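Architecture and fold: a report
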Amino acid sequence: MDRLDMLEAQSIYILREAYKSFGKLGMLWSIGKDSTVMLWLAKKAFFGHCPFPFIHIDTTYKIPEMIRFRDKIAKEYNLDLIVYTNWDAINNGMGPEKGRLVCCKALKTDALQHVIDKYKFEGLIVGVRRDEEGSRSKERIFSERNKESEWNYTNQPPELWDQFKTDFPKGNHIRVHPILNWTELDIWEYIKRENIPVVDLYFAKNGKRYRSLGCAQCTGQIDSNASTVDEIIEELKHTNINERAGRAQDKEDAYAMQKLRKDGYM
Amino acid sequence: MLKFRETLKIVVVGHVDHGKSTVIGRLLYDTKSLPEGAIEKVKRISKETGKPFEYAYLLDAFEEEQKQGITIDTTQIQFHTKKRDYVIIDAPGHVEFLKNMISGAANAEAALLVIDANEGVREQSKRHGYILSLLGIKKVYVLVNKMDLIDYSEEKFLDVKSDMDTFLKSINVFPQKYIPVSAFYGENIALRSKKNAVV
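Residues numbered from 1 in each chain as written. Chains lettered and ligands numbered in written order. Predicted model: local features only at pLDDT ≥ 70, side-chain atom pairs only at ≥ 80, totals over all residues. Heavy atoms only, no water.

Glancing now at the sheet that holds strand 4 (residues 110–116) of chain B. All names here are of chain B. One open sheet accounts for six strands, arranged 2-3-1-4-5-6; its pairing is mixed. One side of each edge strand has no neighbouring strand; the edge strands of this open sheet are strand 2 (75–80) and strand 6 (177–180). Neighbouring strand axes in the sheet, compared pairwise and without regard to direction, differ in orientation by 25 degrees on average. Here strand 5 (residues 139–145) pairs with strand 6 via four bridges, running parallel. Each residue of the ladder has a partner; that of V142, found in strand 6, is Y178. Across the sheet, helix 6 (residues 154–170) lies against strand 4, strand 5 and strand 6, angled at about 150 degrees from strand 6, the strand it touches most. (Pairing = 2+ DSSP bridges. Helix = DSSP H or I, 4+ residues; strand = E, 2+ residues; numbered from the N terminus. Axes fitted to C-alpha atoms, helices over the stretch in contact; angles between N-to-C directions. Contact = heavy atoms within 4.5 Å.)

Take the UniProt feature "domain: Phosphoadenosine phosphosulphate reductase" (unreviewed entry) in chain A next. Sequence positions flagged by UniProt for "domain: Phosphoadenosine phosphosulphate reductase" (unreviewed entry) are, in local numbering, residues 26–220 of chain A. As annotated, residues 26–220 of chain A comprises 34% helix and 12% strand, and the C-alpha atoms at either end are separated by 29 Å. (UniProt positions renumbered as here; feature names shortened; annotations may be inferred.)

Here we take up the nonpolar core. Residues and elements named next belong to chain A. Core analysis: the largest hydrophobic core is formed by 72 residues, its most contacted members being F142 and W188. The biggest single contributor to this core is helix 2 (residues 33–45), with seven residues. Both domains that furnish three or more residues to this core are identified here as domain 1 (3–183 + 254–262) and domain 2 (200–251). In contact with W188, not counting residues within four places along its chain, are K33, V198, Y202, F203, V229, I232, I233 and L236. (Core = buried A, V, L, I, M, F, W, Y, C linked by side-chain atoms within 4.5 Å. Buried < 20%, exposed > 50% of the residue type's maximum accessible area, 1.4 Å probe, protein only. Domains from an automatic or database assignment.)

Right, let's get into the layout of surface pockets. All names here are of chain B. Of the voids in this model, the second largest pocket is the one considered here, and its volume is about 830 Å³. Around the second largest pocket sit 28 residues that line it, and L27, L112, I179, N188 and I189 are the ones nearest its centre. At the level of elements, strand 1 (7–14), helix 1 (20–30), strand 3 (85–90), strand 4, strand 5 and strand 6 are the ones that each hand at least two residues to the lining of the second largest pocket. Of all the elements, helix 1 adds the most residues to the lining of the second largest pocket, at four residues. (1 Å grid on protein atoms, 1.4 Å probe; cavity = no way out; pocket = protein on both sides within 12 Å on 5 of 7 lines; lining within 4 Å. Points joined across faces, edges and corners; volume = space filled by probe spheres on them.)

It is worth spelling out helix 1 of chain B at this point. Residue and element names in this part refer to chain B. Counting buried positions over the 11 residues of helix 1 gives nine, a clear majority of the element. Taken together, the buried positions of helix 1 are K20, S21, T22, V23, I24, G25, R26, L27 and L28. A positive backbone phi angle near 50 degrees is found at K32, which sits one or two residues after helix 1.

For the rest of this paragraph, the subject is the pairing of strand 5 of chain B. Residue and element names in this part refer to chain B. Buried residues dominate strand 5, accounting for five of its seven residues. The pairing of strand 4 with strand 5 spans seven bridges and is parallel. Bridge pairing in strand 5 places L112 opposite Y141. After leaving strand 4, the chain enters helix 5 (residues 123–135) and then returns to the sheet as strand 5, a path that is right-handed. Taken together, strand 5, helix 6 and strand 6 constitute a β-α-β crossover, and its handedness is right-handed. (Right-handed = clockwise from strand over helix to strand, strands pointing away.)

Below, the structure written as structure tokens:
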């Protein structure tokens, strides 16, 4: 079996297990390449129709092309899309100048918590990958969060073969990670194979491109001339730079992502 | 037609502090399989904690793991050679994290069992060997690590090998090979060592 076929089959299996296991299920869609691939996989898993809502946590600081792409795809795919912004925090002046981690917590983690509380989600499908970052590399495919969305990462349950822990106290929820075992290169090779539309920001213009997408103020471009999917694949095969090198919040603290994720960040 | 590439999943097991994460970290480092940022980050943290470059930090990403110098949870990392793709799975060596070790090992098709040459066979060396046999992992390689601490003595290496082999045979595990290594100094990790002539 080809590597991409194997990854695709595993992801579809996980998505269907999640759908079977949880009454109230939703998928986080950040408009980035990974969750856009995951959206594609969900369409495949459920024969063209996604039987759960998609959630975009809009910090209001996203790059405008991302929002345009979101609205275009949502319409084309006929998605049940929940867009949520933590307006209380925004109206009180929240922004990266208050401290990047404080801002991520308020506009992403807290916003997500509001959505979970409002819609009573039991399962949230999230497109994190092991090779992105250390604390994500230690994740389970089905990963429990408590009422406050906290991750008890030093005491995770065993996860053997394809047996996932799906029982948990009421009020807690499970983060489901269908593409945990994919690499950045797998994502792009799959985008190529399936001809999946992704936001233009990934393709180089004037010698620069985004390799990882986030909020405008905290996401930098890399030097690159890769302006097609094929050229990105070639670039990734030879690069020695970290995928998230352009993400400023990661550098705020040696354990920034671990600390954010412990409190419920994606 | 896409070119077919084989993927092999290998778990690294063994007693606490016998050097599992260091073996993997060194392998990734010597084969230049890591992005710049990852190595820079470890250098920075090692400097802050006043330690020499700690290869294990490349895998032990949690603050608690780095501060205590232990692996708490299993992790997976991709590694490629010309021949095939590998998924290398790190596993914790403490008895209280056995469920995490099993979570890692359940995914593997082959195992490296690491034993400290100086300490010899310990409780988790045996227990992990037993779990490998329960999980049906047949391709087991034993790495006798920290050969530098025993001056690359062939005699001591053979003692450890004989101890472990007696135990493993009793539970029907027949290792493919015993390999003397020094993960910290990179002997017999990515390249064949000139010091260890005893494979």
